[in-house]
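Residue-level structure breakdown
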Amino acid sequence: MSRNNDPIKIGIVGVGKIVRDQHLPTLAKDKDYRLTAAASRHGKVDGIPNFPTVEAMLEAVPELEAVSLCMPPQFRYDAARTALAAKKHVFLEKPPGATVSEVEDLKTLAAANDVSLFASWHSRYAPAVEAARAFLGSAKIKSAAIVWKEDVRRWHPNQEWIWAPGGFGVFDPGINALSIATHILPAMFITSAVLDFPENRASPVAAHVTFRTSDGLSVTMELDWLQTGPQSWDIVAETDKGQMVLSGGGSKLAVDGKVVHDEPEAEYPMLYKRFAEIVRAGTSDVDLAPLQHVADAFMLGKRNVVEAFFD
Ligand code: NAP
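Residue indices begin from 1 for each chain and proceed along its sequence in written order. Since the coordinates come from a predicted model, pLDDT governs what is reported: local features require at least 70, and pairs of side-chain atoms require 80 or more to be given and counted, while whole-chain, interface and lining totals use all residues. The side-chain numbers reported here are obtained from all heavy atoms of the structure, hydrogens and water having been left aside.

**Focus on the domain arrangement of the chain**
- Just so you know, the domain bounds were taken from an automatic or database domain assignment. Once the domains are mapped, the chain shows domain 1 (8-119) and domain 2 (123-265 + 295-306).
- In this structure, domain 1 and domain 2 have C-alpha centres spaced 27 Å apart.
- Contact definition: two residues touch when any of their heavy atoms are within 4.5 Å. The interface of domain 1 with domain 2 comprises 12 residues on the first partner and 14 residues on the second.
- Two parts placed together each lose some accessible area under a 1.4 Å probe, and adding up what both lose gives the buried area. For the domain 1 and domain 2 pair, buried surface summed over both sides reaches about 840 Å², with 61% attributable to carbon and sulfur atoms.

What follows is the structure, given as structure tokens:
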């Protein structure tokens, strides 16, 4: 099963915004893969066979070795089960599922079928994240704050699924922040949360969350989906070695105002490199910490009803 160095024959499922923006351009350049087929109800990929469902694709193209599942999280579990049961390696877009338990189930199924499962967290592969992790690993952290504020109308126009149950609302971008925070900060847990739900929506438009670590370190998280003008995707930590600011969604690192790391982003090439690595090594990579924090925020969070949201 592609545990040699031949290109991995991969199919893509759920052809929408992120497939066109990132997966197709990345796969076109990556010699580790051959994009062999696509499955989507409406979307099509030029130059390869297209099918309406994952089942039809797997039946018609048995040589497929892997699939990338890029539909919204609420609709991913059945497709993942079908692919894993057919002994295909599976790449899950973020968030890996709508619940923690369903992804645990997929992990078990992947192991039983001896195939790889990858819960991809693209923001974790932003260029300055490893440098931030190294800096924080060498410093004593006094406090940390996550500030993720963006304009939903600009980034998610007319995406109804994102406001539906299981679409996560503002935690759809917020989980990107958490995928970085859980990689660079000590293990932490939520102590309080207030979630602002527009009166006409099933998911929150803003969230105010407090975490602590077992050592009592305080971490706050502010998520807001109504920020126009400059967008903020920052993690700030006060440390004994100065103030660390990881900004631009993990792309730029500064300490006490001095930029120490700023490189062009290559998140999706890195994600596919990691997927090829685990396929060839015969392992899985499924870290559920970011998803667990979102689940905890919904479990512990106070629900605050705010003004209706219209696109
Ligand atoms: P999208 O364009 O709204 O959806 C992707 C595709 O999924 C749709 O075009 C649709 O294709 C299929 N789909 C939608 N509803 C479905 C349903 N009920 N059942 C089966 N398939 C369905 O969304 P997206 O922005 O690409 O996001 C998809 C995933 O990628 C999300 O988990 C998101 O968090 C993640 N992501 C998005 C971005 C971004 O910038 N947009 C960035 C990183 C990660 P068909 O109608 O052809 O089936």
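Structure shown, so let's carry the discussion forward.
**Quick word on the pattern of salt bridges**
- In what follows, salt bridge is the name for a side-chain nitrogen of Lys or Arg lying within 4 Å of a carboxyl oxygen of Asp or Glu. Counting across every chain of the model gives 10 salt bridges.
- Ionic pairing is found between Asp21 and Lys17, a salt bridge with its closest N-O pair at 2.7 Å. Here Lys17 and Asp21 lie together in helix α1 (residues 17-29), a separation of 4 residues that amounts to about one turn.
- Summary of the burial criterion: residues with accessible area below 20% of their type's maximum are buried, those above 50% are exposed, and those between are partly exposed, where the area comes from a 1.4 Å probe applied to protein chains only. You can call Asp21 partly exposed: its relative accessible area is 41%. Only DSSP runs of H or I reaching four residues or more are called helices, and only runs of E reaching two or more are called strands; each is numbered from the N terminus.

**Overview of the site of the ligand**
- The criterion for a residue being near a molecule or strand is simple. One of its heavy atoms has to lie within 4 Å of it. Contacts to the ligand come from 23 residues, most closely from Ser40, His42, Gly43, Lys94 and Asp172.
- Protein chains shield 82% of the accessible area of the ligand, which is 870 Å² for the free molecule.
- When its residues are assigned to classes, the shell around the ligand shows 10 nonpolar, 7 polar and 6 charged.
- Taken domain by domain, the shell around the ligand gets at least three of its residues from each of domain 1 (8-119) and domain 2 (123-265 + 295-306). Only the protein chains shown count as cover for residues, and the accessible areas themselves come from Shrake-Rupley with a 1.4 Å probe. In this classification, the charged set is Asp, Glu, Lys and Arg, the nonpolar set is Ala, Val, Leu, Ile, Met, Phe, Trp, Tyr, Cys and Pro, and all remaining amino acids, among them Gly, are polar.

**Here's the deal with the sheet that holds strand β8 (residues 188-198)**
- Strands were regarded as paired on the criterion that DSSP finds at least two bridges between them. Strand order in the open sheet formed by 9 strands is β14-β13-β12-β11-β7-β10-β9-β8-β15, and the pairing between neighbours is mixed. With partners counted over all chains shown, the strands left at the sheet margins are β14 (258-262) and β15 (302-306), one partner each. Neighbour to neighbour, the strand axes of the sheet diverge by 15 degrees on average, direction disregarded.
- Pairing of strand β12 (residues 242-247) with strand β13 (residues 252-255), which is carried by 4 bridges, proceeds in the antiparallel orientation. Bridge pairing in β13 links Ser247 to Lys252.
- Only the stretch in contact is used when a helix axis is fitted, and all axes are lines through C-alpha atoms; the angle between N-to-C directions ranges over 0 to 180 degrees. Against the sheet, helix α7 (residues 171-184) touches β7 (141-149), β8, β9 (206-213), β10 (218-224), β11 (232-239) and β12, its axis set at about 155 degrees to β7.
- Contacting β8, β9 and β15, helix α9 (residues 289-300) crosses the sheet at an angle of about 65 degrees to β8.

**Some words on the nonpolar core**
- Membership of the largest hydrophobic core comes to 77 residues, with the highest contact counts inside it found for Met57, Leu69, Phe171, Ile184, Leu185, Met244 and Leu246.
- Both domains that furnish three or more residues to this core are identified here as domain 1 (8-119) and domain 2 (123-265 + 295-306).
- In this structure, Ile12, Val19, Leu24 and Phe275 belong to the second largest nonpolar core, which totals 23 residues. By nonpolar core is meant a set of buried Ala, Val, Leu, Ile, Met, Phe, Trp, Tyr and Cys residues that side-chain atoms within 4.5 Å join together.

**Things to note about the side chain of Thr36**
- Tracing the backbone shows Thr36 in strand β2 (residues 33-39).
- Relative accessible area serves as the criterion here: at 14%, Thr36 is assigned to the buried category.
- Within polar-contact distance, the side chain of Thr36 engages the backbone oxygen of Arg34 at 2.7 Å.
- In this view, Thr36 contacts Lys9, Ile10, Ile48, Pro49, Val61 and Leu64; residues no more than four positions away in its chain are not counted. Polar contacts, as used here, are pairs of N or O atoms within 3.5 Å; protein pairs need one atom able to donate a hydrogen and one able to accept it. Residues neighboring in sequence count only if both atoms are side-chain atoms.

**Details of the sheet that holds strand β1 (residues 8-13)**
- The strand order across the open sheet built from 6 strands is β3-β2-β1-β4-β5-β6, with neighbouring strands paired in parallel fashion. Two strands in the sheet have a free side with no partner beyond their single neighbour: β3 (50-51) and β6 (117-119).
- Sheet topology places β1 next to β2; 6 bridges connect them, and they run parallel. What sits directly across from Lys9, in β2, is Arg34.
- Lying on the sheet, α1 is in contact with β1, β2, β4 (66-69) and β5 (89-92); it crosses β1 at an angle near 170 degrees.
- Running at roughly 160 degrees to β5, helix α3 (residues 77-85) makes contact with β4, β5 and β6 of the sheet.

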